[in-house]
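Each chain, letter by letter, is given below.
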Amino acid sequence: MAKRSYKFTDKKHTRQGIISSLLGVAALALLAAGLVTAYGMAEGTGPTTALMGFLSMVFSVIGFVLGARGFQEEEVYYLFSKIGIGLNGLLFVVWVLIFVAGM
């Protein structure tokens, strides 16, 4: 038989952590779309690809800040804040590496 566990708590996930995670997923999608578009074009990439990259970087910075703010709340679950900080931090590092490699 499977062991059942019950949670009797009024804790909730932080709203900022959830938004941080969603921004991380959006930034990842924009990064992937921008890279696929950039490598798929034989000529110049154009302003659309640059906009995708810029928005991806902005989303990752905002998501990182929101994830960090989620840790300031008390009596909540920090799962989404941890996911958001990890994902957005990793994406920001990837963007820094892309810019450094392009210089």
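Here, the structure is the one placed above.
The structure presented is a predicted model; accordingly, all values stated were derived computationally and were not measured.

Trainee: I tried to follow the overall build of the protein on my own but got confused; where do I start?
Mentor: Tallying secondary structure elements over the protein gives 3 helices and 0 strands in all. Seen in sequence order, the protein has helices and strands lined up from the N terminus as α-α-α. For the protein, the C-alpha radius of gyration of 18 Å lies well beyond 13 Å, the compact-globule estimate for 103 residues. Relative to all contacts within the protein whose residues are 6 or more apart in sequence, the contacts with residues 24 or more apart total 80%. Surface summary for the protein: the accessible area is close to 7,400 Å², and the carbon and sulfur share equals 69%.

Trainee: Help me understand the packing of aromatic side chains, please; the structure alone is not making it clear to me.
Mentor: In this description, an aromatic ring pair is defined by two values, namely the gap between the centres and the angle between the planes. A complete count under the given rule lists 2 aromatic pairs for this structure. Summarising the aromatic geometry, the rings of Trp95 and Phe99 are spaced 5.7 Å apart at their centres and angled 35 degrees between planes, so their arrangement reads as tilted. Of this pair, Trp95 and Phe99 both sit in helix H3 (residues 79-102), 4 residues apart, which is roughly one turn of that helix. Residue Phe99 is classed as partly exposed on the basis of its relative accessible area, which comes to 45%.

Trainee: How should the side chain of Asn88 be read in this particular structure?
Mentor: Its place among the elements puts Asn88 in helix H3. Under the relative-accessibility criterion, Asn88 is labelled buried at 0%. At a separation of 3.5 Å, a polar atom in the side chain of Asn88 contacts the main-chain amide nitrogen of Gly24. Setting aside its immediate chain neighbours within four residues, Asn88 contacts Ser20, Leu23, Gly24, Phe59, Ser60, Gly63 and Phe64.

Trainee: Could you clarify how one ought to interpret unusual backbone geometry in this entry?
Mentor: Glycine aside, a negative phi is what most residues show, and trans is what most peptide bonds show. Although it is not a glycine, Glu75 sits at a positive phi angle of roughly 60 degrees. Position of Glu75 relative to the elements: it lies in the loop between helix H2 (47-70) and H3.

Trainee: Is there a simple way to explain the packing of H2 against H3 in this structure?
Mentor: The description of two helices packed together rests on the angle between their axes and the distance between the axes. Put simply, H2 and H3 touch, their axes get as near as 8 Å, and they point 145 degrees apart. Here H2 and H3 pass one another in a crossing that is left-handed. Contact residues: H2 offers Gly53, Ser56, Met57, Phe59, Ser60, Val61, Gly63, Phe64, Gly67, Ala68 and Gly70, while H3 offers Ser81, Ile85, Asn88, Gly89, Leu91, Phe92, Trp95 and Phe99. Tallied by class, the residues present in the contact of H2 with H3 amount to 10 nonpolar, 9 polar and no charged.

Cut-offs applied
- Residues numbered from 1 in each chain as written.
- Predicted model: local features only at pLDDT ≥ 70, side-chain atom pairs only at ≥ 80, totals over all residues.
- Heavy atoms only, no water.
- Helix = DSSP H or I, 4+ residues; strand = E, 2+ residues; numbered from the N terminus.
- Rg over C-alpha atoms; globule rule 2.2 N^0.38 Å.
- Contact = heavy atoms within 4.5 Å.
- Areas by Shrake-Rupley, 256 points an atom, 1.4 Å probe, with all protein chains shown as cover.
- Phe/Tyr/Trp six-rings, centres within 6.5 Å; stacked < 30°, edge-to-face > 60°.
- Buried < 20%, exposed > 50% of the residue type's maximum accessible area, 1.4 Å probe, protein only.
- Polar contact = N/O pair within 3.5 Å; in protein donor to acceptor, adjacent residues only side chain to side chain.
- Axes fitted to C-alpha atoms, helices over the stretch in contact; angles between N-to-C directions.
- Left-handed = near helix turned anticlockwise from the far one by under 90°.
- Nonpolar A, V, L, I, M, F, W, Y, C, P; charged D, E, K, R; others polar.

Read these as spatial facts, not as claims about activity.
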